[in-house]
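# Observations on the model geometry
For reference, the chains in residue letters:
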Amino acid sequence: MSKNRVVATLSLAAAAALAAGVAALLKKPAQEAAPVSPAPAAKAAPKALCVGSYSFISGFQNAATVEMELNYDPEKYSFVVIEDEFPSYSSDSHVALVCGEDFNMQLEYAAYYHGEDFAAHVRGLGEKYQGVAPVRYGETEGVRFIDGDNVCLHLPIPNDTNSYLLVTLMKNPEYDEDYTTLPAHKDVQAMLASLRYTIR
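Now for a look at the structure at hand. Here the structure is a predicted model, which means the values were calculated and not measured.

### Digging into the sheet that holds strand E5 (residues 103-111)
The strand order across the open sheet formed by seven strands is E3-E4-E5-E9-E8-E7-E6, and the pairing between neighbours is antiparallel. Because the sheet does not close on itself, it has two edges, and the strands there are strand E3 (78-82) and strand E6 (133-137). Taken over all neighbouring pairs, the strand axes of this sheet differ in orientation by 25 degrees on average, direction set aside. Direction of pairing for strand E7 (residues 140-147) relative to strand E8 (residues 150-156): antiparallel, over a ladder of five bridges. Of the residues in E8, the one forming a bridge with Ile-146 is Val-151. Strands strand E4 (95-99), E5, E6, E8 and strand E9 (163-171) of the sheet are contacted by helix H3 (residues 186-193), whose axis makes an angle of about 35 degrees with E5.

The structure is reproduced here in structure tokens:
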């Protein structure tokens with residue numbers, strides 16, 4: 001066999017091997033399947049909040065019915081309207097009461113003096129109590145002060161010129177912080193930020 005024929009035979013063999021290799025590569029998937037990553041853990045559904053409602057008559061002439069509502073977590077708190085045995089003294093016929101592990105919260109309506117508005121009411125509180133300070137819950141701006149072992153919050157009721165909301169915060173033994181910190185308690189903030197009113 002001549003040298004040229006040997007070279008030609010080797011070249012054909014190399015070309016055949018190359019063609020076979022290309023064919024084998026073409027049969028392989030173009031890309032290895034990416035490993036399946038686990039699905040992200042489902043987020044816990046937000047807790048279903050309950051709505052507590054408290055109604056009262058505001059004013060004498062041209063009296064109106066005011067309905068107050070707030071949101072609360074039923075797994076941590078109870079909400080009830082009571083007509084006697086109030087935790088904190090009240091001259092009202094009925095009050096709303098939120099009870100929980102850290103604190104109890106009494107909510108009730110209170111009337112302005114004749115000719116008074118909320119600003120004048122706050123000035124009067126400053127003459128009677130020390131340490132009257134502003135508070136804000138959501139869109140509501142009111143004041144807080146200490147009355148004995150309780151913290152009182154006075155909050156204006158939008159579009160009501162006759163009454164304001166009096167909130168009394170009472171510490172329970174399980175609460176490790178000082179009772180004066182209750183206005184900043186995250187659950188107090190959440191509930192009072194959810195306050196809303198209907199006047200009819």
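### Some points on helix H2 (residues 118-128)
Along H2, the residues classified as buried are Phe-118, His-121 and Leu-125. Along the long axis of H2, the arc covered by the buried residues comes to 55 degrees, so they all point the same way. Among the exposed residues of H2, those oriented more than 90 degrees off its buried face are Arg-123 and Glu-127. The elements touched by buried residues of H2 are E7, E8 and E9. In this structure Asp-117 caps H2, since a side-chain oxygen of it lies 3.3 Å from the backbone nitrogen of Ala-119.

Conventions adopted
- Residues numbered from 1 in each chain as written.
- Predicted model: local features only at pLDDT ≥ 70, side-chain atom pairs only at ≥ 80, totals over all residues.
- Heavy atoms only, no water.
- Pairing = 2+ DSSP bridges.
- Helix = DSSP H or I, 4+ residues; strand = E, 2+ residues; numbered from the N terminus.
- Axes fitted to C-alpha atoms, helices over the stretch in contact; angles between N-to-C directions.
- Contact = heavy atoms within 4.5 Å.
- Buried < 20%, exposed > 50% of the residue type's maximum accessible area, 1.4 Å probe, protein only.
- Arc of directions from axis to C-beta.
- Polar contact = N/O pair within 3.5 Å; in protein donor to acceptor, adjacent residues only side chain to side chain.

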